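Residue-level structure breakdown
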Amino acid sequence: MMYNGIDFDTYFKNYPDENGYFGKYGGCYIEEKLKKAMQEITDAYFTICKSSKFIGDLRRIRKEFQGRPTPISHLERLSNSLGNVQLYVKREDLNHSGAHKLNHCMGEALLAKYMGKKKVIAETGAGQHGVALATAAAYFGLECDIYMGSVDIKKQAPNVARMKILGANVVEVTHGLATLKEAVDAAFEAYSKEYKDCIYCIGSVLGPHPFPLMVRDFQSVVGIEAREQFLEMTGELPDAVVACVGGGSNAMGMFSGFVNDPVDIYGVEPLGRGTTLGDHAASLKYGTEGVMHGFNSIMLKDENGEPAPVYSVASGLDYPSSGPEHAFLHDLGRVKYDVVDDEETIDAFFTLSKMEGIIPAIESSHAVAYAMKLAKQMGRGSILINLSGRGDKDMDYIIEKYGIR
Ligand SMILES: *Cc1c(COP(=O)(O)O)cnc(C)c1O
């Protein structure tokens, strides 16, 4: 399929290019001392990902450990309450550990194992990536260092406990504001010293090349399964596909299955409390081109051109940029990026819970909220939503802040 001059039949072969660019976005903007480490990962990935043993191992793990394929569920009651559009959800909440993140963490940790590394390193903000990586590390018998700001350690006590129970080493970062940014710096600093024994595992389709490519590949299982399952269930493709976008990994996984189809694709960003800078994390909607954390993309900047403070009720979505491939698909117009705010999201959280017996993660509730609005606009047809995770982790917070609705 041709779209705006891009041939989507050969899209995955051509994007990113060999230097990790999706058009002008992506690349590898890192210090000299980390270049060698990144090159090692790139070389290893391009060799190993083609080996039938690696592919076979990953397939077996997805089935026997992760519980894949995850099903698609038809939201019959919710659809009927909205009109004639049929809504469906891809159940990544049923993936082991409760979200899509394990899809790329298992891939990254398996790569580490194949490269003969002893350890995986990462940073975490809300702790979701840390928990998924700690799970993967335990499975493969790898050491796991998770860098986390002391402010986040206090806020995310249950996830810190999970990581520790899984055997990970949670490294407290105390300098600066002691949140995600400082944790990223500390983790990269440690990695530059230890890269012979470990690999850095990035938690989304972000960071320097080859991570946006690699994480997309590992997440593409979501889109591949979903396309096949949806065809089998309904005999046709969905009219629209919807996913929430933080860094963009669950969305890229889902979208990769449908970019070459006549399907409308929607990425949903968090509008939080409103359009004022600092009150949202809708980077693709309101941001501008810039380089941060090792890649060129569209980002929210403060008056000094530094990453701006961001906010969302969903801690997994409050990142001031999104993966370079999203920036590319945004400019191309192939994916439409839109927003929903905190209120609409919390409404959708309760609606899906009460009408369908599925408690969604607050992140995923953004996609549900958008699909509910879209269903009313479309009038007829079908929408497939990527339900990126389950809401168990969010229940205490929701009850405390919003009460029962
Ligand atoms: C982390 C997380 C997200 C956001 O990350 P992406 O890379 O944008 O997918 C979305 N949903 C859940 C459940 C998450 O844990």
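Just above, that's the structure.
A brief report on the enclosed structure follows. (Residues numbered from 1 in each chain as written. Predicted model: local features only at pLDDT ≥ 70, side-chain atom pairs only at ≥ 80, totals over all residues. Heavy atoms only, no water.)

Right, let's get into the overall build of the chain. Along the backbone of the chain there are 16 helices and 16 strands. A compact globule built from 405 residues should have a C-alpha radius of gyration of about 22 Å, and the chain, at 20 Å, falls within 12% of that. Considering only C-alpha atoms, the chain reaches an extent of 60 × 45 × 45 Å along its principal axes. Taken over 405 residues, the chain has a buried fraction of 60%. By sequence separation, contacts in the chain at least 24 residues apart represent 73% of the contacts at least 6 residues apart. (Helix = DSSP H or I, 4+ residues; strand = E, 2+ residues; numbered from the N terminus. Rg over C-alpha atoms; globule rule 2.2 N^0.38 Å. Buried < 20%, exposed > 50% of the residue type's maximum accessible area, 1.4 Å probe, protein only. Contact = heavy atoms within 4.5 Å.)

Let us look at the site of the ligand. Around the ligand, the surrounding shell holds 16 residues, and the nearest of these are Lys101, Ser204, Gly248, Ser249 and Ser388. In this structure, Asn250 approaches the ligand through a main-chain N or O atom, which is 2.8 Å from an oxygen atom. Starting from 380 Å² of accessible surface for the ligand in isolation, the protein chains cover 97%. Grouping the constituent residues of the shell around the ligand by class yields four nonpolar, 10 polar and two charged. (Near = heavy atom within 4 Å. Polar contact = N/O pair within 3.5 Å; in protein donor to acceptor, adjacent residues only side chain to side chain. Areas by Shrake-Rupley, 256 points an atom, 1.4 Å probe, with all protein chains shown as cover. Nonpolar A, V, L, I, M, F, W, Y, C, P; charged D, E, K, R; others polar.)

On to the pairing of strand β12 (residues 264-272), then. Most of β12 sits out of view: eight of its nine residues are buried. Here strand β11 (residues 240-244) pairs with β12 via five bridges, running parallel. The residue bridging Ala243 from the neighbouring strand is Gly267, located in β12. Sheet topology places β12 next to strand β15 (residues 335-341); seven bridges connect them, and they run parallel. Pairing of Gly267 across the sheet is with Tyr337, part of β15. (Pairing = 2+ DSSP bridges.)

On to the nonpolar core. In this structure, Ile41, Val120 and Tyr191 are the most contacted members of the largest nonpolar core, which totals 62 residues. Each of domain 1 (23-62 + 101-211) and domain 2 (64-99 + 220-402) gives at least three residues to this core. Residue contacts for Val120: discarding those within four places in its chain leaves Ala112, Leu133, Ala137, Leu142, Glu143, Cys144, Asp145, Ile199 and Cys201. Within the second largest apolar cluster, 36 residues are counted, among which are Leu87, Tyr266, Ile346 and Leu352. (Core = buried A, V, L, I, M, F, W, Y, C linked by side-chain atoms within 4.5 Å. Domains from an automatic or database assignment.)

Ring pairs (aromatic) are described by centroid distance and by the angle formed between their planes. Evaluation of the coordinates by the stated rule reveals 17 aromatic pairs. Ring centres of Phe54 and Tyr114 lie 5.2 Å apart, and the angle between their planes is 85 degrees; this geometry places the pair in the edge-to-face category. Separated by 60 residues along the polypeptide, Phe54 in helix α3 (residues 52-64) and Tyr114 in helix α5 (residues 101-114) bring together distant segments of the chain. Owing to a relative accessible area of 3%, Phe54 belongs among the buried residues under this scheme. Each member of the aromatic cluster is reached from another via a ring pair, and the members are Phe8, Tyr11, Phe12, Tyr15 and Phe328. When the ring centre of Tyr311 is taken as origin, the NZ or CZ atom of Arg273, which lies over that ring, is 3.8 Å away. Seen from the ring of Tyr3, Arg334 lies directly overhead, with NZ or CZ sitting 5.6 Å from the centre. (Phe/Tyr/Trp six-rings, centres within 6.5 Å; stacked < 30°, edge-to-face > 60°. Lys NZ or Arg CZ within 6 Å of the ring centre and 35° of its normal.)

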